[in-house]
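Chain by chain, the residues:
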Amino acid sequence: MKKIYPILSLITLFFLTLTPAFAQFPMAGVPTTAIQGPKGNVKITGILIDSTSLKAVEYASIALYKLSNGQAVDGTVSDEKGKFSFSKIEAGEYKVLISFLGYQTKTIDKLNWTKGQEFDLGTIKLNPVVKNLDEVTITGTTDLIEEKVDRLVYNAEKDITAKGGDATDVLRKVPMLTVDLDGNVSLRGSQNIKVLINNKPSTIMASSVADAMKQIPADQIKTVEVITSPSAKYDAEGSAGIINITTKKNSLQGVNLNVDGGVGNRGSILSLNGNYRKGKAGFTLGGFGRANYNTVTKTKLDQSSTRQGVSTLVRQTGDGYSDGLFGQYNLGFDYDLAKNQSITAGAKYGVRNMNFQQDFLTQLFSDGQLISSSTRGVQSKNPSGTLDVNLDYVHTYKPQQEWSISTLYSRNDLNNNFDANLLDGNGNLSSRQRNVNDNLNQEFTVQTDYQTPIKRNQMLEFGGKGIFRQVDSDYRFLISGPSGEFDTDFNQPAGTLTYHQNIAAGYTSYTYTTKKRYTFKGGLRYEHTMIDASTREGGVIGIGDYGILVPSFNASKTFKGTTVKLAYNRRIQRPGLQQLNPNFNSANAQNIIVGNPELLPELTNNYELTLSKTIKKTFVTSSFFVRTTNNAILQVTKPSDTLAGAVITTYENIGKQQTYGSNIFSNVALTSKINIGIFLNVLYANLDGQITNADGILENSTNAGFNISGGMFGQAQFKKGWGVQAFGFLQGSQVQLQGRQGGFGFYTVGVKKEFKDKKASIGLAAENFLGDRFNIHTELNSPQFNQVNDVYLYNRGFRMTFTYKIGKMSAMEMPRKKGKSVNNDDIKTDGQNSGGGVPGGGQQNRQ
């Protein structure tokens, strides 16, 4: 408990210093490109009101243009009374452009002012934009992929082929991301990422990102944002960067209900989402369920090892089948306390029930002679339940000047259990084994943020945050004869892990734009981590407290249509739940996986250069990056010292990892309705460090090589609501510390038909339909063992999807205040299925 006090003191100190901060930095406009206003003596004033309600319109943008050359001379925003003014304007002929979300843009043309004149534009009425969803026809389109100042955005709501799938189907189409056939996500070749949902963390990600993505329906995803150089405002976690998944929201007045579903040969899904909004209050209620089935996996393993002068060879074949049920249910509420104050609250509950059935035939050879043959039938059950509850408050003082406080409680109950039937060479049941592993991950977070512009070209941000996290793991083995009750197996490991991790953080960030449109953003973040960890059998784990100062810097400039961006940031990667979990996962007794509770965090420095340019209808962006990591957390495999022929995979801080790479993306708009794109990822990885071998001796381990991946996509919109989309992706083999993991391919084609008023649609999609399976071929080696592993995944799929919208919403689209939320990006995941990886014990991506 005593380690909580420093965090509470930091947060208390922040609140004590917050009040004078508000007075110190008054609002002075939106920090955009610096405009050097003309030096004259003309003054212009005016008042903006709503033409329907006759109330003042605050925060509207007013721009002043010179008619002679069309150049913007000055800009401002209206205050809480709708008033605005310009001063020190030169005499001449001008026009005024007024715009604001939810209103029609208004232009006042041919305004001629003489020297020394004070001109009052009077009361200007703005007409609201009224949308009737049963009658509106949308003609504009959003690019499938957008490049923004600090991130790449994939507009998933434009994705036809992902409907009826889950988040995995969306992420694999995002440039810079790689998603393997198990759903493990990598950014620029690294699985050291943080995934957020609507800028919020969740303990659902703590055990496995791959499994978490299966709980998010593709139909509810609006955008996927890839942030490779996060500012100081973000948590320092995530060596490679941050992925933020934004779900669809409705801010219109009225009631609506969306029904989405899909049926296929490998899965089915049904989703219901409702919204109700009236006046200042809004409610959301939704849920979805998904069933996976017909997932077949076959494996082939050849594994040799040498221990104490004896050579052992294992040959194993496996047949696997898996099915699962996933669900997520959410309730949300938001309310405007006043014009400039709002609260949001929400609760989300998710369930995941995965079942793996695996049958292994194992032959054991010693010095070339067959000494045993056995069959092992394993049923793995991995149920989990997650709960997220948040409450957030935002106070907006003026445009871009706001203070927020956010809280989040998150909980994940996860079980990694399996039952194994052991058969002898004659096929008779000889014994039964059971592994019980109960995990609980809880965290509570409170954070506060403040931002304010300084003049028109500067922005200051600062804030504080506290995270209180606890991980508990209890594991044991039971054994039984062919018949009878299970008893404790004292020959197998058992124990508990209690892991308390508290983090206190504070940050400041400053943005400055020069008169020549150079933009610089720099920041500092300090995080202090306090750890109290112990095991039942070993007592206290000696991991000391540590602090880290995390700088970040971004600069950008546009030269003749070409945007250049430079970035540097330092990141930290703390070990995640599955990497710490000391349970011996021996579902495949020849390929055992165990965590390491003594892992230290890894530290990474990122350097990046990005060039972007639009040439007529073609957009091209290319980035070049360098990533250096110390204390890199990687998987390490070594022979078992107790089980003949078996290997054990664990996690270690191996040393240094250096990555040099480039990402290239191009999008071509052939017409206003048809576009195609291509992307290529090339990186060179160099891994160098020391690992502890099976004899407890440190030995050097190095490996290096290229990782190459790329893909293409195309989409077309036709008359009468028809649309077509196609996507293809290839991943080459990837460098691992002890070998290389094989590559794979993925492709999909879909067609969609929207019916009148876009209230209903139906679609068909097919994936990997030209072949019946993919083979991932992995080779690992060290002085003590060699392993060749082939995993055959049968993932040919077909599905039909449908959407139906209920409810007629005809109301004014009023602008909603931007909500704030807790944003934890600070836990490393193993990138694996929590059930122990690929059914059949296949090894996963280790980089």
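Being a predicted model, the structure only gives us computed values, none of them experimental.

**A few points about the overall build of the protein chain**
On a plain count of helices and strands, the protein chain comes out with 5 helices and 48 strands. Among the 847 residues that make up the protein chain, the fraction classed as buried is 54%. Residue pairs in contact within the protein chain that sit at least 24 positions apart in sequence constitute 69% of those at least 6 positions apart. Accessible area of the protein chain: about 35900 Å², with a carbon and sulfur share of 56%.

**Description of the sheet that holds strand β3 (residues 72–77)**
Sheet architecture is open: 4 strands sit in the order β3-β2-β5-β6, paired in antiparallel fashion. Two strands lie at the open edges of the sheet, namely β3 and β6 (106–113), each paired on one side alone. Strand after strand, the sheet turns through a mean of 20° between neighbouring axes, direction not considered. By the bridge criterion, 6 bridges tie strand β5 (residues 92–99) to β6 in an arrangement that is antiparallel. What sits directly across from Gly92, in β6, is Trp113.

**Points about the environment of Thr45**
Assignment of secondary structure puts Thr45 in strand β1 (residues 42–50). Counting along the chain gives 76 residues from Thr45 to Leu121, while the straight-line C-alpha distance between them is 6.0 Å. With residues near it in sequence (within four places) discarded, Thr45 still touches Phe84, Ser85, Phe119, Asp120, Leu121 and Gly122. Within the structure, Thr45 has its side chain in polar contact with the side chain of Asp120 (distance 3.4 Å).

**A look at the pairing of strand β15 (residues 241–247)**
A large share of β15 lies buried, amounting to 7 of its 7 residues. The side-chain alternation of β15 yields two buried faces, one formed by Gly241, Ile243, Ile245 and Thr247 and the other by Ile242, Asn244 and Thr246. Both strand β13 (residues 193–197) and β15 contribute to a ladder of 5 bridges, which runs parallel. Bridged to Val195 within β15 is Ile243. With 6 bridges connecting them, strand β14 (residues 221–227) and β15 associate as antiparallel partners. When the sheet's bridge partners are listed, Thr223 is paired in β15 with Thr246.

**Here's the deal with the packing of aromatic side chains**
If you walk through the whole model with that rule in mind, you get 18 aromatic pairs. Seen from their ring centres, Tyr747 and Phe769 are 5.4 Å apart, and the 80° between their planes marks the pair as edge-to-face. One end of the pair, Tyr747, is in strand β43 (residues 744–754); the other, Phe769, is in the loop between β44 (760–767) and β45 (774–782), with 22 residues separating them in the sequence. For Phe769, a relative accessible area of 29% puts it in the partly exposed group. Ring pairing ties together the aromatic residues Tyr276, Phe283, Phe333 and Tyr335, which thus form one cluster. A cation over a ring is seen here: Lys95 above Tyr65, with NZ or CZ 5.6 Å from the ring centre. Residue placement shows Arg315 over the ring face of Phe365; its charged tip is 5.7 Å from the ring centre.

**Focus on the sheet that holds strand β7 (residues 118–126)**
The strand order β4-β1-β7 describes an open sheet built from 3 strands, whose pairing is mixed. Each edge of the open sheet carries a strand with a single partner, namely β4 (83–89) and β7. Across this sheet, the average inter-strand angle for adjacent strands is 15°, counted without regard to direction. With 7 bridges connecting them, β1 and β7 associate as parallel partners. Within the sheet, the bridge partner assigned to Lys43 lies in β7 and is Glu118.

**Section: the pattern of salt bridges**
The tally for this structure, following the rule as stated, stands at 13 salt bridges. Its salt-bridge partner being Lys66, residue Glu90 comes within 3.7 Å of it at the nearest N-O pair. Linking Glu90 in the loop between β4 and β5 with Lys66 in strand β2 (residues 61–66), this pair joins segments that are 24 residues apart in sequence. In this structure, the salt-bridge partner of Glu754 is Lys752, at a minimum N-O distance of 3.4 Å. Judged by relative accessible area, Glu754 falls into the partly exposed class, the value being 25%. Through salt bridges with shared partners, a single network forms among Lys233, Glu461 and Lys521.

**A short note on a nonpolar patch on the surface**
The grouping of Leu257, Leu270, Leu272, Phe755, Ile762, Leu764, Met800, Phe802, Tyr804 and Ile806 at the surface amounts to a nonpolar patch, some 880 Å² of accessible area in total. Of all elements in the fold, only β17 (267–278), β44 and β47 (797–806) reach the threshold of two or more residues within the nonpolar patch. Within the secondary structure layout, Leu272 lies in strand β17.

**Some words on the side chain of Ser761**
If you trace the backbone, Ser761 turns up in strand β44. Setting aside residues up to four positions removed in sequence, Ser761 forms contacts with Lys752, Lys753, Glu754, Phe755, Thr801, Phe802 and Thr803.

**Brief notes about the side chain of Ser305**
In this structure, Ser305 sits in strand β18 (residues 281–307). Look past the residues within four positions of Ser305 in its chain and what remains in contact with it is Val310, Ser311, Thr312, Pro639, Gly645, Gln784 and Phe785.

**Thoughts on the confidence of the model for the protein chain**
In this model, the protein chain carries a mean pLDDT of 81, and residues with pLDDT of at least 70 account for 84%. Here residues 1–38 is modelled with pLDDT under 50, and outside its nearest four sequence neighbours on either side it reaches 81 contacts, counting other chains as well.

**Quick look at the environment of Asn596**
Here Asn596 is to be found in the loop between β32 (591–593) and β33 (602–615). Residues Asn596 and Leu580, spaced 16 residues apart in sequence, show a C-alpha to C-alpha distance of 4.8 Å. Residues contacting Asn596, with those up to four places away along its chain left out, are Gln579, Leu580, Asn581, Thr650 and Tyr651. A polar atom in the side chain of Asn596 sits 3.0 Å from the backbone nitrogen of Glu598.

**Points about a positive patch on the surface**
A surface patch of like charges, here positive, comprises Lys248, Lys673, Lys758 and Lys805. Here Lys673 is to be found in the loop between β37 (655–669) and β38 (674–692).

**Considering the environment of Thr535**
By secondary structure assignment, the location of Thr535 is in strand β28 (residues 519–535). On the basis of relative accessible area, Thr535 is assigned to the buried category, the value being 14%. Counting along the chain gives 38 residues from Thr535 to Leu497, while the straight-line C-alpha distance between them is 4.6 Å. In this view, Thr535 contacts Thr496, Leu497 and Ile541; residues no more than four positions away in its chain are not counted.

What counts, and where the lines are drawn
- Residues numbered from 1 in each chain as written.
- Predicted model: local features only at pLDDT ≥ 70, side-chain atom pairs only at ≥ 80, totals over all residues.
- Heavy atoms only, no water.
- Helix = DSSP H or I, 4+ residues; strand = E, 2+ residues; numbered from the N terminus.
- Buried < 20%, exposed > 50% of the residue type's maximum accessible area, 1.4 Å probe, protein only.
- Contact = heavy atoms within 4.5 Å.
- Areas by Shrake-Rupley, 256 points an atom, 1.4 Å probe, with all protein chains shown as cover.
- Pairing = 2+ DSSP bridges.
- Axes fitted to C-alpha atoms, helices over the stretch in contact; angles between N-to-C directions.
- Polar contact = N/O pair within 3.5 Å; in protein donor to acceptor, adjacent residues only side chain to side chain.
- Phe/Tyr/Trp six-rings, centres within 6.5 Å; stacked < 30°, edge-to-face > 60°.
- Lys NZ or Arg CZ within 6 Å of the ring centre and 35° of its normal.
- Salt bridge = Lys/Arg side-chain N within 4 Å of Asp/Glu carboxyl O.
- Patch = residues over 30% accessible without salt bridge, like charges linked within 9 Å, V, L, I, M, F, W, Y side chains within 5 Å.
- pLDDT = per-residue confidence, 0-100.
- Lys, Arg positive; Asp, Glu negative; His and termini not counted.
- Charge placed at Lys NZ, Arg CZ, Asp CG, Glu CD.

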